[in-house]
Amino acid sequence: MSRVVVTGGSGKLGRAVVTHLAEHGYDVVNVDTAPPPPGQPARFTRVDLTDLGQVTEALTGIDDRYDGVDAVVHLAAIPAPGLRPSGATFANNVLSTHHVFSAARRAGIRNVVWASSETVLGLPFETPPPYAPVDEEYTVRPESTYSLGKAVEEEMARHFARWDPTAKLIGLRFSNVMEVEDYAEFPSFEQDPRRRIWNLWGYIDARDGALAVQRALESDLTGAEAFIVASPDTVMTTPSADLLARYFPDVPLTRPVSGTETLLSIDKARSLLGFDPSHTWRNHAG
Ligand SMILES: NC(=O)c1ccc[n+]([C@@H]2O[C@H](COP(=O)([O-])OP(=O)(O)OC[C@H]3O[C@@H](n4cnc5c(N)ncnc54)[C@H](O)[C@@H]3O)[C@@H](O)[C@H]2O)c1
């Protein structure tokens, strides 16, 4: 059985990831400053990731709880701009990610999957994207300190991969993470498409986000790679091509998009990771 440490396993995405990995045979350790939900199928130790000593222990073994870690899934972060002052967000997130990459390297853990963010694509798109569907091919365009932190972390991942060419550091650029309870609100977006223009009407079901993590963990890739992880559809009923023509008339489509197909391309994740999301809000909206 493979032992994986999940940072941020008490959070919104982390809870789904811990459950999914445990269901798929992983021995999961959740490290977080916040307590886990009751009954979570994982061991838990409270760890502050801004402290390199604590992270080093978390990735090598903590007392009699466990030792020997095969992989790390790093999700812990302040997950959006504005939740904390920008300097606090940058300090917490970038330092934590440095410590996870660095401690993993020292512990000989070469399988690292971590949460980047769709924001590096240029959200909230006050400057329109260069083309649509957006993909991983253009240079990152962070527009907030939160996003700048993710861009710095992607750059850090490239250097850690350069230092150890046998290592894998996969950054998943998650779209806006949704749980089933969130879907009741979705039909109301149709009345005002501007409410969700900021991420081109994208989202990711937390369970499909967890699937992407599993696919990334099990992939044979090496090096630092970034993947957009979004649902195959949008939050809207209006066809995506119509939304693009109306709100971004100067942004070219690089290929036809059908119906409510996502404008956040998941082609790379599909082809290189075998990401095959199956959950949609359309079965669940109230
Ligand atoms: N929620 C989204 O829509 C979204 C979108 C794109 C990317 N992401 C990224 O996905 C990841 C998970 O997001 P989420 O929505 O589950 O966030 P969340 O706030 O629900 O969970 C994050 C967890 O990280 C923990 N944490 C933060 N700083 C820590 C530290 N220094 N030490 C230990 N634990 C710490 C928190 O206690 C929390 O439990 C984050 O990296 C976030 O930036 C989220």
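Shown above is the structure to which this text applies.
Below you will find a few notes about this structure. Given the structure is predicted, the values throughout are model-derived calculations rather than measurements. (Residues numbered from 1 in each chain as written. Predicted model: local features only at pLDDT ≥ 70, side-chain atom pairs only at ≥ 80, totals over all residues. Heavy atoms only, no water.)

Things to note about helix H6 (residues 240-247)
Rule in force here: Each residue gets one of three labels from its accessible area relative to the maximum for its type: buried under 20%, exposed over 50%, partly exposed in between, using a 1.4 Å probe on protein chains only. Only DSSP runs of H or I with at least four residues qualify as helices, and only runs of E with at least two residues qualify as strands; both kinds are numbered from the N terminus onward. Working definition: the arc comes from the directions between the helix axis and the C-beta atoms, pointing outward to the latter.
Among the residues of H6, those classed as buried are Ser240, Leu243, Leu244 and Tyr247. In an axial view of H6, the angular spread of the buried residues amounts to 100°, which keeps them on one side of the axis. With respect to the buried face of H6, the exposed residues turned more than 90 degrees away are Ala245 and Arg246.

Thoughts on the packing of aromatic side chains
Definition in use: Note on aromatic contacts: the rings of Phe and Tyr and the six-membered ring of Trp form a pair at centre separations within 6.5 Å, being stacked when their planes are under 30 degrees apart, edge-to-face when over 60 apart, and tilted otherwise. Charge over a ring is defined by NZ of Lys or CZ of Arg lying within 6 Å of the ring centre and within 35 degrees of the ring normal.
Under the criterion given, the structure shown has eleven aromatic pairs. Taking the centre distance of 5.6 Å and the plane angle of 70° together, the rings of phenylalanine 101 and phenylalanine 160 count as edge-to-face. Taken together, the positions of phenylalanine 101 in helix H3 (residues 86-107) and phenylalanine 160 in helix H4 (residues 145-163) put the pair 59 residues apart, joining distant regions of the chain. The residues phenylalanine 101 and phenylalanine 160 share a single accessibility class, namely buried. Among the aromatic residues, ring-to-ring pairing joins Tyr183, Phe186, Phe189, Tyr203 and Trp281 into one connected group. Across the ring face of phenylalanine 189, the terminal group of arginine 196 is positioned such that the distance to the ring centre comes to 5.1 Å. Across from the ring centre of phenylalanine 227, 4.8 Å away, lies the NZ or CZ of lysine 268, which sits over that ring.

Notes on helix H1 (residues 12-23)
The cut-off we apply is this: A helix is expected to span 1.5 Å for every residue after the first. Contacts were defined at the residue level, with two residues in contact if any of their heavy atoms lie within 4.5 Å.
Here H1 contains twelve residues, and its C-alpha end-to-end distance of 17 Å stays within 8% of the 16 Å for a straight helix at 1.5 Å per residue. Among the residues making up H1, those that are buried are Leu13, Gly14, Ala16, Val17, Val18, His20 and Leu21. In this structure, the buried residues of H1 make contact with strand S1 (3-7), strand S2 (27-32), strand S6 (71-74), strand S8 (168-174), strand S9 (177-178) and helix H5 (206-217). Glycine 25 lies just past H1 and shows a positive phi near 90°.

Regarding the pattern of salt bridges
Rules: We define a salt bridge as a contact between a side-chain nitrogen of Lys or Arg and a carboxyl oxygen of Asp or Glu at a distance within 4 Å.
Inspection of every chain in the model, using the stated rule, returns 14 salt bridges. Put simply, arginine 255 and glutamate 261 hold a salt bridge, and the shortest N to O gap is 2.8 Å. Since its relative accessible area comes to 26%, arginine 255 is described here as partly exposed. Aspartate 267 is the salt-bridge partner of arginine 255, the closest N and O atoms lying 3.2 Å from each other. Residue arginine 255 is located in the loop between H6 and helix H7 (267-273), and its partner aspartate 267 is located in helix H7; the two are separated by twelve residues in the primary sequence. The exposure class of aspartate 267 is partly exposed, given its relative accessible area of 39%. Shared partners join several salt bridges into a network, and the residues in it are Arg3, Asp27 and Arg43.

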